[in-house]
Amino acid sequence: MSGPDHVFRASDLTPGGSLTTRALSLIVTRLNQGGFVLLPSDTCYSIALVPHNEDSWKFINSLLRRPADRPVSVAFSGLDQVRGYLELNATALHLVERFTPGPITLVCPANQRAHKFAAKSTASPDRTLGFRIPDSKIERDVASHARWPITTTAVRDKRDEPVQSFDEALKIVTAAAAAVGSPRWHAVEGRDSFYSKHSTVVRVDQSGEVGLIREGDIPFETIRQSTHWLPASDLDRW
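Below is a summary of the structure that appears in this document.

Parameters at a glance
- Residues numbered from 1 in each chain as written.
- Predicted model: local features only at pLDDT ≥ 70, side-chain atom pairs only at ≥ 80, totals over all residues.
- Heavy atoms only, no water.
- Phe/Tyr/Trp six-rings, centres within 6.5 Å; stacked < 30°, edge-to-face > 60°.
- Helix = DSSP H or I, 4+ residues; strand = E, 2+ residues; numbered from the N terminus.
- Buried < 20%, exposed > 50% of the residue type's maximum accessible area, 1.4 Å probe, protein only.
- Pairing = 2+ DSSP bridges.

What about the packing of aromatic side chains?
So, step 1. Scanning the entire structure with this criterion turns up seven aromatic pairs.
So, step 2. On the basis of an interplanar angle of 65 degrees and a centroid distance of 5.5 Å, the ring pair of Y45 and F194 is categorised as edge-to-face. In this pair, Y45 is assigned in strand β3 (residues 45-49) and F194 in the loop between β8 (185-188) and β9 (200-204), connecting sequence segments 149 residues apart. An identical accessibility class is assigned to Y45 and F194; each is buried.
So, step 3. With a centroid separation of 6.1 Å and an interplanar angle of 65 degrees, the aromatic rings of F76 and F131 are classed as edge-to-face.

What follows is the structure, given as structure tokens:
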């Protein structure tokens, strides 16, 4: 079976745009059993799963036809969950507080507890983690209720553009699942309210320097200028 076990339509969401408790329970159960879910992130439709081990990122890269060894990022429900896995200096903490939930991905060092997780479960080559707190209530709710962080990786079309149509994303993922053989999965239709591009990806080093990896909806200059007020003493503290 290559199609989803269940499709949760936009009409199934609560008036506030949330998954019902029953739907969330079914989705999280599927994730914890090794399956995946197609869901709306804040920039496009994405594949979410719990990265138990290296098979997880290998499967995502195969399903979405990404480079075989490309690292995957993780999504968190909020700052408390982030702190369980990452070391945040003053700059990183400021960027989280200033720009999330929203379309920004930060690459920061994993904490000691998460070194193995970063290497084995996300393919990180340098003990860092790319992470987001997305501006998608559905995505945050799933991340909150799963036992572990979840990966959310963009579904892209043949032009390598992020897919914002549920029907198109469902068609792409169903075909890909049939081609590679996949675990069981669910799909969630959002209300098609997305940012215009994709997340801006930045790396924050131990000195507090912010480097651009990919520009998206948040201009890099806006991010860089927001850190100018930080005192040098804070930037030195990791």
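Brief notes about the pairing of strand β5 (residues 104-109)
So, step 1. Most of β5 is tucked away, with six of its six residues classed as buried.
So, step 2. The sheet contact formed by β5 and β9 spans four bridges and is parallel. Counterpart to V107 in the pairing with β9 is R203.
So, step 3. With four bridges joining them, β5 and strand β6 (residues 128-132) adopt antiparallel strand pairing. Counterpart to P109 in the pairing with β6 is T128.

So, helix α4 (residues 90-99)
Residues separated by three or four positions in an α-helix point in the same direction, a consequence of the helix having 3.6 residues per turn.
So, step 1. Across the 10 residues of α4, seven count as buried, placing the element largely inside the fold.
So, step 2. What α4 keeps buried is the set A90, T91, A92, H94, L95, V96 and F99.

Overview of the environment of P67
So, step 1. Mapped onto the secondary structure, P67 falls in the loop between α2 (54-63) and β4 (74-75).
So, step 2. Placed 123 residues apart in sequence, P67 and G190 show a C-alpha to C-alpha distance of 28 Å.

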